[in-house]
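# Notes for the structure review
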Amino acid sequence: MRRNLFALPAVAVAAALLLAGCGGSSGSGGQATTDPGPETGTIKFTGTDNAETYQPVIKAFEAKNPGIKVTYTQIPFDQFNATMQQRLSAKDTGIDVYTVDEPRVSQLAAKGFLTDLSDLDAKVKTSFSATAYKTNHFRDKLWSLPMWNSTQFLFYNKTALAKAKVTPPAADPEQRWTWEQVEAAGRKAMQAGGTKYGLFLEQPEAYYQLQPLAESLGGGSGIEGDDALTPAVETDGWKKAMHWYGATFASGLSPRGIGGFQTGPVFAAGDVAFFVGGPWDLKIFGSSKIDWGVAPMPYFQGGKPVTPTGSWSLGVNPASKQQGMARKFVEFATLDPAGNLATTKTTTIIPANLEAQKQYTPQMDTFSGAKTAGAAAITTYESEHTAVSRPVSVGYIQFEEVMGKAFADIRNGTNSDARLQEATRQLTDAWKSIK
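Residue positions are given per chain, counting from 1 as you read along its sequence in written order. Local features in this predicted model are restricted to residues whose pLDDT is 70 or higher, and side-chain atom pairs enter the listing and the counts only when it is 80 or higher, whereas totals over whole chains, interfaces and linings include all residues. With hydrogens and water stripped out, all remaining heavy atoms of the structure feed into the side-chain values.

Just so we agree on the cut-off: UniProt positions are given in the numbering used here, feature names are shortened, and annotations may be inferred rather than shown by experiment.
The name given to the protein chain in an unreviewed UniProt entry is Sugar ABC transporter substrate-binding protein, with Kribbella speibonae as the source organism. Under the UniProt heading Sequence similarities (unreviewed entry), the note attached to the protein chain is "Belongs to the bacterial solute-binding protein 1 family."

### Regarding the overall build of the protein chain
What counts is decided by this rule: Secondary structure is summarised from DSSP: a helix means a run of H or I of at least four residues, a strand means a run of E of at least two, and numbering begins at the N terminus for each. We compute the radius of gyration over the C-alpha atoms and compare it with the globule rule, which gives 2.2 Å times the number of residues raised to the power 0.38. Relative accessibility decides the category of a residue: with a 1.4 Å probe and only protein chains considered, values under 20% of the type maximum give buried, values over 50% give exposed, and everything between is partly exposed. By definition, residues are in contact when any of their heavy atoms lie within 4.5 Å. Areas reported as accessible are Shrake-Rupley estimates using a 1.4 Å probe. Residue values count occlusion only from the protein chains shown.
The secondary structure content of the protein chain amounts to 18 helices and 18 strands. The C-alpha radius of gyration of the protein chain comes to 21 Å, within 12% of the 22 Å expected for a compact globule of 435 residues. Expressed along its principal axes, the backbone C-alpha trace of the protein chain runs to roughly 70 × 50 × 35 Å. Put simply, the protein chain has 435 residues, and 59% of those count as buried. Nonlocal contacts in the protein chain, meaning residues at least 24 apart in sequence, comprise 79% of its contacts between residues at least 6 apart. About 16,400 Å² of surface is accessible on the protein chain, with carbon and sulfur atoms providing 51% of the total.

### A few points about the pairing of strand β13 (residues 292–296)
In regular strands, side chains alternate between the two faces of the sheet. The criterion, for reference: One requirement defines pairing of two strands: DSSP has to find at least two bridges between them.
Along β13, five of the five residues are buried, which leaves the element largely enclosed by surrounding structure. Judged from the five bridges that link them, strand β8 (residues 153–157) and β13 form a sheet pairing that is antiparallel. If you follow Tyr156 over to β13, its bridge partner there is Gly293.

### A closer look at the sheet that holds strand β9 (residues 197–201)
This is how it is decided: Structural elements are reduced to axes, namely lines fitted to C-alpha atoms, with helices fitted over the stretch in contact, and the angle between N-to-C directions of any two is expressed from 0 to 180 degrees.
In space, the four strands of this open sheet follow the order β9-β12-β8-β13, with mixed pairing throughout. Strands with a single pairing partner mark the edges of an open sheet, and in this sheet they are β9 and β13. Direction aside, the axes of adjacent strands within the sheet are offset by 20 degrees on average. Taken together, the four bridges between β9 and strand β12 (residues 272–277) define a ladder with parallel strand orientation. In the sheet register, Leu201 faces β12, and the bridge partner there is Val276. Lying on the sheet, helix α16 (residues 375–385) is in contact with β8 and β13; it crosses β13 at an angle near 20 degrees.

### Notes on the packing of aromatic side chains
Geometrically, a pair of aromatic rings is defined through the distance of the ring centres and the angle of the planes. The cut-off we apply is this: A pair of aromatic rings is counted whenever rings of Phe, Tyr or Trp (Trp by its six-membered ring) have centres within 6.5 Å, and the orientation is called stacked for planes under 30 degrees apart, edge-to-face for over 60 and tilted otherwise. In this analysis the charged atom, NZ for Lys or CZ for Arg, is taken to sit over a ring once it is within 6 Å of the ring centre and within 35 degrees of the ring normal.
Inspection of the entire model under this criterion finds 29 aromatic pairs. Taken together, a centroid distance of 5.2 Å and an interplanar angle of 90 degrees make the contact between Trp244 and Phe300 edge-to-face. In this pair, Trp244 is assigned in helix α10 (residues 236–250) and Phe300 in the loop between β13 and β14 (307–308), connecting sequence segments 56 residues apart. Each member of the pair, Trp244 together with Phe300, is buried. Between Phe267 and Phe285, the ring centres sit 5.0 Å apart and the planes meet at 50 degrees, which makes this aromatic pair tilted. A residue pair is termed long-range when its members are at least 10 positions apart, and Phe267 in helix α11 (residues 264–268) and Phe285 in the loop between α12 (281–284) and β13 qualify at 18 residues. Look at Phe267 and you get buried, because its relative accessible area is 0%. The exposure class of Phe285 is buried, given its relative accessible area of 1%. The structure contains a cluster of three or more aromatic residues connected by ring pairs, namely Phe45, Tyr54, Phe61, Tyr72, Trp148, Phe329 and Phe332. Geometry around Phe367 places Lys283 over its ring, the cationic atom sitting 4.8 Å from the centre.

### Describing the packing of helix α9 (residues 207–216) against α10
Note the threshold: Each crossing gets its handedness from the near helix: less than a right angle anticlockwise from the far helix is left-handed, clockwise is right-handed. Residue classes follow a fixed rule: Ala, Val, Leu, Ile, Met, Phe, Trp, Tyr, Cys and Pro count as nonpolar, while Asp, Glu, Lys and Arg count as charged, and any other residue, Gly among them, counts as polar.
One can describe the packing of α9 onto α10 by two numbers: an axis separation of 8 Å at closest approach and a directional angle of 115 degrees. α9 and α10 meet at a crossing whose hand is right-handed. Only Gly237, Trp238, Ala241, Met242, Trp244 and Tyr245 of α10 make contact with α9, whose side of the interface consists of Tyr207, Leu210, Leu213 and Ala214. Per-class residue counts for the contact of α9 with α10 are nine nonpolar, one polar and no charged.

### Section: α16
Counted only if it meets this: Throughout, the arc means that of the directions going from the helix axis to the C-beta atoms.
Among the residues making up α16, those that are buried are Ala375, Ala376, Ile378, Thr379 and Glu382. The buried residues of α16 occupy an angular sector of 165 degrees when the element is viewed end-on, so they sit on one face. Away from its buried face by more than 90 degrees, α16 exposes Glu384 and His385. Buried residues along α16 sit against β8, α12, β13, β14, β16 (350–351) and β18 (387–388).

### Quick notes on the pattern of salt bridges
Two side chains bearing opposite charge may form a pair once their charged atoms approach each other closely. Just so we agree on the cut-off: For this document, the term salt bridge refers to a Lys or Arg side-chain nitrogen within 4 Å of an Asp or Glu carboxyl oxygen.
Under the definition given, this model contains 17 salt bridges. A salt bridge links Arg327 to Asp119; the shortest N-O distance between them is 2.7 Å. Of this pair, Arg327 sits in helix α13 (residues 323–334) while Asp119 sits in the loop between α4 (105–110) and α5 (121–127), and the two are 208 residues apart along the sequence. For Asp119, a relative accessible area of 56% puts it in the exposed group. Between Arg411 and Glu205 there is a salt bridge whose closest N-O contact spans 2.9 Å. Placement of the pair is Arg411 in helix α17 (residues 396–411) and Glu205 in the loop between β9 and α9, with a sequence separation of 206 residues. Residue class for Arg411 comes out buried when judged on its relative accessible area of 3%. A relative accessible area of 31% places Glu205 in the partly exposed class. Several salt bridges share partner residues, and in doing so they unite Asp101, Arg104, Arg390 and Glu400 into one network.

Right, dumping it as structure tokens:
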């Protein structure tokens, strides 16, 4: 399963970092030593994915840079952030380059765990989307370089919709369905006996996938203030979105008790009419026996289309004694279109480099034959018009932890208004030590 390629929010991981807090740092970020280190040797790269994922880019980099070798170490996703927190705090020189979950850039920079890459700012601004450019900044400095990007699709079960005599949604973003249309069609599919459930989101308790619900209704990201440390999850948009979301489970439209990596198989088995998932699913569902298609992610009637974006970036450890070689690798894997494309040869994640994206996205229509027709155009459109990143805040880790638990409670029947009020209190308390 490739869902860990995108920075999948995880409550357990966030909890470990919550304990660490954001204290103990001057907040100025990490500074590389004036000595770039040796020009040849071996640099150590750490991330969450299987080694096979990075072999193409490592091989291409080594061919272009004779004398430099790259060794890769995998840390399981559910252990990664806590492990890196400990090692970076100890100024571990055994890490030169590491993958950075983009919403955590601010916290990592504030604690001095990233090398300042601001001399690359102009090149980064023209090589990536405005959203990716902004997300990798903190206090007007550049701390990491975008490697991958993401979006979401509305997958639909053609057989179930045909049985319910429902015309499937179009792939054209200008004709995207509303959530109200999806709900109505999903209920028809259930009533016709074509499927057990009408709708399911791949990450049912994750901020990444639920943020667009509130944003579509004008509710904002949930964080506001000049310091981005003021909770704002009780706006009308958030209340309406979470009331609707909780009702989908209460009514049986969406299933309770299924989470983690067990959501995708529900759609692949033909048990749900509509499924919201990412580009990694374009190939995963290719082995499914059901007939399916893709359409743009829905929005609420009267609201605006909003889709998630962002993924992993690459950063340099300030404690590294091989700053020069580390930077060469990071720049090759992100700023060089050929290098950035090489990071996607064994995956179905989207390259962040704009030139690499132009070369990559046409392939998406062929990942699973005719079933994925339209995926490329949807991806291009969403990236340019509807993509909204997760908020940039040194308190994001605590935010993700608190909201993840709130989403779980709302999903399981807790009154949504009361739960959002409780989340506000929890966030206010958690962020007191940061302000």
